[in-house]
Amino acid sequence: MSDVDQKPASQNVEKPIQNGLVSVNGYRRVVCAEMCCYCFDTLIHYIHQIPLPRAPRFTTKEYPLFVTWKTGADKKLRGCIGTFIAMSVNKGLSEYAIQR
């Protein structure tokens with residue numbers, strides 16, 4: 001486990017760095033909180049047929065990715081979908097956020 005995984009989420013500090021990567025407590029990460037927000041924005045856009053607020057600022061590079069939805073206070077797994085084949089992060093997140 002890294003230091004990031006051991007600290008409560010409220011103590012993790014995200015800082016944008018080059019090429020869409022994020023530094024979390026000094027560790028370089030591709031994953032960032034904005035990706036989670038983007039998934040929710042995509043879901044709201046899909047359900048209510050409203051425009052997405054803006055293009056995401058995170059990386060558009062290709063990576064294997066998965067979207068996991070959890071529900072309730074006990075965070076039960078609602079569903080998980082993704083691919084081990086690299087694809088554009090924003091395209092993949094928007095597709096997998098609404099897949100059933």
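Residues numbered from 1 in each chain as written. Predicted model: local features only at pLDDT ≥ 70, side-chain atom pairs only at ≥ 80, totals over all residues. Heavy atoms only, no water.

(A) Just the layout of surface pockets, in detail. Empty space within the largest pocket amounts to approximately 650 Å³. The wall of the largest pocket is formed by 20 residues, among which V31, M35, C36, F66 and T68 lie closest to the centre. Listing elements by their share of the lining of the largest pocket, those giving two or more residues are α2 (33-48), β4 (62-71) and α3 (89-98). Among the residues forming the lining of the largest pocket, the class breakdown is 16 nonpolar, one polar and three charged. A volume near 340 Å³ is recorded for the second largest pocket. Forming the walls of the second largest pocket are 16 residues, and the residues nearest its centre are L43, W69, R78, A97 and Q99. Breaking the lining of the second largest pocket down by element, the ones donating at least two residues are α2, β4, β5 (76-88) and α3. Partitioning the lining of the second largest pocket into residue classes produces ten nonpolar, three polar and three charged. (1 Å grid on protein atoms, 1.4 Å probe; cavity = no way out; pocket = protein on both sides within 12 Å on 5 of 7 lines; lining within 4 Å. Points joined across faces, edges and corners; volume = space filled by probe spheres on them. Helix = DSSP H or I, 4+ residues; strand = E, 2+ residues; numbered from the N terminus. Nonpolar A, V, L, I, M, F, W, Y, C, P; charged D, E, K, R; others polar.)

(B) Spatial organisation of the pairing of β5. In the sheet, β4 pairs with β5 via nine bridges, with the strands oriented antiparallel. Across the sheet, residue L65 finds its bridge partner in β5, namely T83. Between the antiparallel neighbours β4 and β5 lie four residues, among them G72 with a positive phi of about 75°. (Pairing = 2+ DSSP bridges.)

(C) View of the packing of α2 against α3. Put simply, α2 and α3 touch, their axes get as near as 9 Å, and they point 50° apart. Put simply, α2 runs oblique to α3. As for how α2 packs across α3, the hand of that crossing is right-handed. Counting all contacts with α2, which are made through M35, Y38, C39, T42, L43 and Y46, the residues of α3 involved are V89, N90, L93, S94, A97 and I98. Here the residues of the contact of α2 with α3 sort into nine nonpolar, three polar and no charged. (Axes fitted to C-alpha atoms, helices over the stretch in contact; angles between N-to-C directions. Parallel < 35°, antiparallel > 145°, perpendicular 65-115°, else oblique. Left-handed = near helix turned anticlockwise from the far one by under 90°. Contact = heavy atoms within 4.5 Å.)

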